[in-house]
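Chain and residue survey
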Amino acid sequence: MSIDQTDTVRIVVLVTPHFNVSATTSFIDPFRVANYLTGTARFSWTFVSDRGGPVSSSSGLSVDTKAIADADAVKPDLVLVSTSWTPERHYTDRVLGPLKKWARGGAVVGGLDTGAFVLAKAGLLADRTATVHYEHIDALIEVAPDTTVSEDLYVIDDRFFSCCGGSASTDLALHFLRNYSGVSVANAASRYLFHHHIRGEGHSQNPKGTEPTGYATPGAVRRAIDLMEQNLEDPLSIPDICARLGVSQRQLSRLFRHYVRRSPIEYYRDIRLDRARGLVTQTEMKLSEIAAASGFNSQVHFSRSYKKRFGLSPGSDRIEGRVPFEFRAWPMYSPRPGAHETEQ
């Protein structure tokens, strides 16, 4: 990034319906604070959308935007694409055209939450590394085969960046702020926001060890879950997992019941189904391919298990699941004690 520390930094924020307002403003706030603390208008930002006007976020709050066509003449230094549910709805020339133009013009361009899907569709992530919210990682792997998908909080690859969202948006913005205005301004903004530890590149979205509340899960449970997550397509047997960990099946079952509130078999089946649901609702993969990718040898068994967990068949969920979360009835899974103990 070669920008003089006295130049005005122009930021364009492209938002789409149901975007995450908290993550988006968390990205903008460090620049706002930097302006305030330095008594300058060094950073400016403009919110744009496909057609302009008010755009409602997933929490119901709205932001007023300009039409992206009206901002097409702007030469931004930094562009943020903030999307959430159904990013494929925004694969339009009106959206992709300006992004390509700004990238060719030298802007730093990135995506927040599922924004990397839009960048990939625009051809900006070919042979690059990117990330999305962990809920969408499997889908991005499938739809962007020429992109290396990371589970880090954020990734910066040359002039292109991606971020999972949440509080990681602040870490990413403070990284840019340090580059634009120096360490002292970034430190001051971080303190002002009570963001006392800036996480850099390479931090995982799901760090191992102590839970956020300080509650520590036993090592045997964490290692078992790691093995399960690494073997979703070709599931291991529970006895095999126990043998690798050096614990008895009875001990592992007791630990899972106490700390996870499910048996190892139930937990393993559920994370495979969770992966399947992401692929069902976020990709166009055949249902038979999704069943295989989630470790189910029988599509009948897959469909039955899927409906048991989510309350509707994979085919129905492919349609209803593309409707943003807050506008659909969500059949929460409530397993009966001991249900499907023998399933694998």
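Summing up its helical and strand segments, the protein has 13 helices and 10 strands in all. The buried share among the 344 residues of the protein stands at 49%. Sequence-distant contacts, at least 24 apart, represent 66% of the contacts inside the protein between residues at least 6 apart. For the protein, the accessible area works out to roughly 16500 Å², and carbon and sulfur atoms hold 50% of it.

Right, let's get into the pattern of salt bridges. Within this structure, the stated rule accounts for 14 salt bridges. A salt bridge links Asp50 to Arg94; the nearest nitrogen and oxygen atoms lie 2.5 Å apart. Here Asp50, found in the loop between β2 (43–49) and β3 (53–56), pairs with Arg94, found in helix α2 (residues 93–104); they are 44 residues apart in sequence, far enough to count as distant. Arg269 is paired through a salt bridge with Asp270; the nearest N and O atoms lie 3.3 Å apart.

What follows deals with unusual backbone geometry. Most of the time, phi is negative for any residue but glycine, and the peptide bond is trans. Unusually for a residue other than glycine, Phe194 sits at a positive phi of about 60°. Within the fold, Phe194 resides in the loop between α6 (183–192) and α7 (219–230). Residue Arg261 is not a glycine yet carries a positive backbone phi of 65°. Within the element layout of this structure, Arg261 appears in the loop between α9 (249–259) and α10 (264–282).

This next bit is on the packing of helix α1 (residues 21–38) against helix α5 (residues 168–181). Look at α1 against α5: their axes get within 8 Å of each other, and the N-to-C directions meet at 30°. Between α1 and α5, the crossing angle belongs to the class labelled roughly parallel. Crossing angle aside, the handedness with which α1 passes α5 is right-handed. Mapping the contact onto sequence places Ala23, Ser26, Phe27, Pro30, Phe31 and Ala34 in α1 and Ser169, Thr170, Leu172, Ala173, Leu174, Phe176, Leu177 and Tyr180 in α5.

This paragraph deals with the packing of aromatic side chains. Taken as a whole and assessed by the stated rule, the structure comprises 11 aromatic pairs. Aromatic side chains Phe27 and Phe161 sit 6.2 Å apart centroid to centroid with 5° between the ring planes, which places their arrangement in the stacked category. Of this pair, Phe27 sits in helix α1 while Phe161 sits in strand β10 (residues 160–163), and the two are 134 residues apart along the sequence. With 6.4 Å between their ring centres and 75° between their planes, Phe27 and Phe176 make a pair best called edge-to-face. Here Phe27 is found in helix α1, whereas its partner Phe176 is found in helix α5, with 149 residues between them in sequence. By relative accessible area, Phe176 is classed as buried at 1%. Feature note: the residues Phe27, Phe31, Phe43, Phe161, Phe176 and Tyr180 constitute an aromatic cluster, connected by ring pairs. One Lys or Arg, Arg272, reaches over the ring of Tyr268 and ends 5.8 Å from the middle of that ring. The aromatic ring of Phe296 is capped on one face by Arg272, whose charged end is 4.4 Å from the ring centroid.

Our next topic: a nonpolar patch on the surface. On the surface, a cluster of nonpolar side chains totalling about 320 Å² of accessible area is made up of Tyr36, Leu37 and Tyr192. When you line up the elements, Tyr192 lands in helix α6.

We now examine the pairing of strand β1 (residues 9–15). Counting buried residues along β1, 6 of its 7 residues qualify, which places the element largely inside the surrounding structure. When β1 meets β2, the two strands line up parallel, connected through 6 bridges. Along β2, the bridge assignment pairs Val9 with Phe43. Crossover handedness for the path β1 to α1 to β2: right-handed. Examined bridge by bridge, β1 and strand β5 (residues 78–83) share 5 bridges and lie parallel to one another. Bridge pairing in β5 places Val13 opposite Leu80.

Further remarks concern the nonpolar core. Ranked by size, the top nonpolar core spans 33 residues in total, and within it Phe27, Phe31, Phe161, Phe176 and Leu177 carry the most contacts. Going through the elements one at a time, β1, α1, β2, β5, β6 (108–113), β10, α5 and α6 are the ones with two or more residues in this core. Broken down by element, this core gets its largest block of residues, 7 residues, from α5. Core analysis: the next-biggest nonpolar cluster, separate from the first, contains 29 residues, Ile68, Val81, Val95 and Val149 among them.

Conventions and cut-offs
Residue positions are given per chain, counting from 1 as you read along its sequence in written order. Totals for whole chains, interfaces and linings use all residues, but because this is a predicted model, local features are given only for residues with pLDDT of at least 70 and pairs of side-chain atoms are given and counted only at 80 or more. Each side-chain value is derived from all of the structure's non-hydrogen atoms; neither hydrogens nor water enter the calculation. Secondary structure elements follow DSSP: runs of H or I of four or more residues count as helices, runs of E of two or more count as strands, with numbering from the N terminus. Think of it in three bands: residues with accessible area under 20% of the maximum for their type are buried, residues over 50% are exposed, and the middle band is partly exposed, with areas taken using a 1.4 Å probe on protein chains only. The criterion used for residue contact is that any of the two residues' heavy atoms lie within 4.5 Å. Only the protein chains shown count as covering a residue, and every accessible area follows the Shrake-Rupley method with a 1.4 Å probe. A side-chain nitrogen of Lys or Arg and a carboxyl oxygen of Asp or Glu constitute a salt bridge if their distance falls within 4 Å. Angles shown run from 0 to 180 degrees and are taken between the N-to-C directions of axes, each axis being a line fitted to C-alpha atoms and, for helices, limited to the stretch in contact. What sets the label is the angle itself: under 35 degrees gives roughly parallel, over 145 gives roughly antiparallel, 65 to 115 gives roughly perpendicular, and the rest give oblique. In a left-handed crossing the near helix is turned counterclockwise from the far helix by less than a right angle, and in a right-handed crossing that turn is clockwise. Stacked, tilted and edge-to-face are the three classes applied to pairs of Phe, Tyr and Trp rings, where Trp contributes its six-membered ring and a pair requires centres within 6.5 Å; stacked means planes under 30 degrees apart, edge-to-face means over 60, and tilted covers the rest. Placement of a positive charge over a ring is assigned whenever Lys NZ or Arg CZ falls within 6 Å of the ring centre and within 35 degrees of the normal to the ring plane. Surface patches are drawn from residues lacking salt bridges whose relative accessible area is over 30%; two like charges belong together within 9 Å, two nonpolar side chains (Val, Leu, Ile, Met, Phe, Trp, Tyr) within 5 Å. Here, a strand pair is defined by DSSP locating no fewer than two bridges between the strands. Look down the strands so they point away from you; if the path from the first strand over the helix to the second goes clockwise, the crossover is right-handed. Among the buried residues, those of types Ala, Val, Leu, Ile, Met, Phe, Trp, Tyr and Cys that are joined through side-chain atoms within 4.5 Å form a nonpolar core.

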